[in-house]
Each structure stands twice: as C-alpha cells, then as structure tokens.
Amino acid sequence: MTQDTVRPAPAVAPAPHPEWSLVLPVKRLTLAKSRLAPFAGDRRAALALAFALDTVRAALACPAVARVLVVTDDPAAGAELARLGALLVADEPGGGLNPALAHGASRAHGLAPHAPVAALSADLPALRPAELALVLASAAARPGRSFLADSPGLGTTFLAVPPGLPLDPRFGDGSRARHAAAGAAELDLPHVPSVRRDVDTGEDLHEARALGLGPHTAALLPVLDARTYGGPPADGRPTPADPAPAPRGRTAEAGCR
C-alpha cells in the first residue's frame, strides 16, 4: 500500500441546490373544492384533480426538487399523480390536513434524512418551476422553519423545514398568523405569484388563469366556459367568479391554507 492509496479523498463540494422533498396533500376528489361547485358543477372533482396534476407536474420540473410525496386516500387521484412521478403516501393518521402533512413529512425524512422538506399546496394550477425554485432557495437560506403566505395574505401555501426538524404544520383558517406565532419566518418574496395563487373559487381561478394555467387545468376551461357562456369564450373574456364569493378566510380542502 503506497502513500497515495491512503491519502484522504478530497471533500465533495455541496450540490448547487438542496434536493428538496415536497409533501402535497390531496383530499378525496368527491369532497374537494366545494366552493368551486357554483362555477364547476359536476366537473368540480375533475378540476380539483387537474389542479393537483398541474402542481405536481410543475414541482417535479423544478431543479431543486428531488421527490414529491402526495398524501392521499383517493385511489383515482393517486394513480394519476403516480404516473407523473409522485410518490404516494397513504393518509394513515386520518385526522385531517395537518396530521396528514406531518405524516408525509415524516415519511420524507425517512426517505432522505439529509434533505429539507416542504409542504406545498396542491391547488396551484399556475405554478411555475422557476418561481418555486426561488421560494426553495430563500427557504434553504433560513436556519429554521419558514413559510410563504397565499395571495390574499391570510393563509399559507408553502411551509419549509431544514433537515432533521419536524414540519409542525398549522394550516387552516388564518394559518399565516398561526405559522408566524409558532416561530416560522415569513418569506418576503413579492415576485412569485404562481406559488401564492391557490384556487378555491371562480375568482381565484380567474386570477390563476391570468398567470397562465398548467395543461391539465387549461384543458378543462373550454368545457366550463361553454357551460357558463353557452359557447367558446371570446378572446380575453374572463372566467366568471362565483355568484357570491365567500369571505377570503381559507378552509383546508385539496391544498394547504
């Protein structure tokens, strides 16, 4: 054995991007997005699935993301999302959104103990990989938990934690205030609208449409427009809002709040 054979190997340079694990909650499609019923009618479940498909598709296209775990007990949604490359996690706790996210984060830590973990809303149909990368880079620079508020500023669409720390999700009505009160740092990123625009109502969908929808959601819009307008919409005609928009406080449905 020569000196060269026992010389310590040089340190491996860190990867340019952390290999994030993302956890997305997907509610049973028959129960998801009830506030979209006045707009989508019997296409509500299909629209909820399209939101999740476009969110997962964009997340997997982000170079900082190594894996996407979807927590769901819906077999149809799970099969479609798995075909895109998502890893399925059964909603074993069965106690609602936050236990499901905590369970998914625990599974993510088990798969990749040294990777940071983030919970991401599953109803971001306009999500852009480049904007998600900016959010992840900002979260990676933080020593502790961090979150991104939704567009109205009351809820949360993103919650991140460094390797080894519990996610401690506090989604639901007013989750922005609850995450901040629990010590998570709010990410001040004004130029990531697609990561903040979750969709619960027709008005929300109109705003997401203006940002540019993913292919699964966009494919459903002509059907919904024809139902509402009696034919294909004219160029620039907006997607209608719900007849009586609900208060902007958020409820936990197919995504995070």
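Only a predicted model underlies this, so the values are computations on that prediction, with no experimental measurement involved. (Residues numbered from 1 in each chain as written. Predicted model: local features only at pLDDT ≥ 70, side-chain atom pairs only at ≥ 80, totals over all residues. Heavy atoms only, no water.)

Participant: Would you mind going over the overall build of the protein with me for this structure?
Facilitator: The helix and strand inventory of the protein stands at 10 helices and 7 strands. Classification of the 257 residues of the protein by burial places 47% in the buried group. Taking contacts inside the protein between residues at least 6 apart in sequence as the whole, the part at least 24 apart equals 71%. (Helix = DSSP H or I, 4+ residues; strand = E, 2+ residues; numbered from the N terminus. Buried < 20%, exposed > 50% of the residue type's maximum accessible area, 1.4 Å probe, protein only. Contact = heavy atoms within 4.5 Å.)

Participant: I'm lost on the pattern of salt bridges in this one. Help?
Facilitator: Counted according to the given criterion, the structure contains 11 salt bridges. We note a salt bridge from Glu80 to Arg83, for which the minimum N-O separation is 2.7 Å. Remark: Arg83 and Glu80 occur in helix H4 (residues 75-84); sequence separation between them is 3 residues, near one turn of the helix. Asp204 is paired through a salt bridge with Arg197; the nearest N and O atoms lie 3.2 Å apart. For Asp204, a relative accessible area of 0% translates into the label buried. Owing to a relative accessible area of 3%, Arg197 belongs among the buried residues under this scheme. Put simply, Lys33, Arg35, Asp123 and Asp200 are held in one network by salt bridges that share partners. (Salt bridge = Lys/Arg side-chain N within 4 Å of Asp/Glu carboxyl O.)

Participant: Is there a simple way to think about the sheet that holds strand S2 (residues 65-72) in this case?
Facilitator: In a beta sheet, neighbouring strands are held together by backbone hydrogen bonds and run either parallel or antiparallel to one another. The 7 strands lie next to each other as S3-S2-S1-S4-S6-S5-S7, forming an open sheet whose pairing is mixed. Here the strands that pair on one side only, and so sit at the sheet edges, are strand S3 (87-89) and strand S7 (185-186). Judged from the 3 bridges that link them, strand S1 (residues 20-26) and strand S4 (residues 117-120) form a sheet pairing that is parallel. If you follow Val23 over to S4, its bridge partner there is Ala119. Across the face of the sheet, helix H3 (residues 44-60) comes into contact with S1, S2 and S4 while running at roughly 160 degrees to S2. (Pairing = 2+ DSSP bridges. Axes fitted to C-alpha atoms, helices over the stretch in contact; angles between N-to-C directions.)

Participant: Sorry if this is basic, but what is going on with the confidence of the model for the protein here?
Facilitator: When the pLDDT values of the protein are averaged, the result is 85; 81% of them are 70 or greater. Considering only residues more than four positions removed or in separate chains, one finds that residues 1-16, a stretch of pLDDT under 50, has 1 contact. Predicted confidence is poor over residues 229-254, with pLDDT under 50, and the contacts of this stretch with residues over four places away or in other chains come to 75 contacts. (pLDDT = per-residue confidence, 0-100.)

Participant: Just checking my understanding: could you explain the side chain of Asp200 for this structure?
Facilitator: Within the element layout of this structure, Asp200 appears in the loop between helix H8 (193-196) and helix H9 (202-211). Within the structure, Asp200 has its side chain in polar contact with the side chain of Lys33 (distance 2.6 Å). (Polar contact = N/O pair within 3.5 Å; in protein donor to acceptor, adjacent residues only side chain to side chain.)

Participant: I keep staring at the pairing of S4 and nothing clicks. Help me out?
Facilitator: On a regular strand, each side chain points to the face opposite its neighbour's, so the side chains alternate between the two faces of the sheet. Along S4, one buried face is formed by Val117 and Ala119 and the opposite face, lined by Ala118 and Leu120, is buried too. Here S4 pairs with strand S6 (residues 156-161) via 4 bridges, running antiparallel. If you follow Val117 over to S6, its bridge partner there is Val161.

Participant: What should I look at first to understand the nonpolar core in this one?
Facilitator: For soluble globular proteins, nonpolar side chains are generally found buried alongside one another. Within the largest apolar cluster, 36 residues are counted, with the highest numbers of intra-cluster contacts made by Leu22, Val68, Leu81, Leu120, Leu132, Leu136 and Phe158. When contributions to this core are tallied by element, the ones reaching two or more residues are S1, H3, S2, H4, S4, helix H6 (129-140) and S6. Counting residues per element, this core draws most heavily on H3, at 7 residues. Ignoring sequence-local partners within four residues, the contact set of Phe158 consists of Ala118, Ala119, Leu120, Val135, Leu136, Ala139, Ser146, Phe147, Leu148 and Leu187. Within the second largest apolar cluster, 17 residues are counted, among which are Val23, Val117, Leu167 and Phe171. (Core = buried A, V, L, I, M, F, W, Y, C linked by side-chain atoms within 4.5 Å.)

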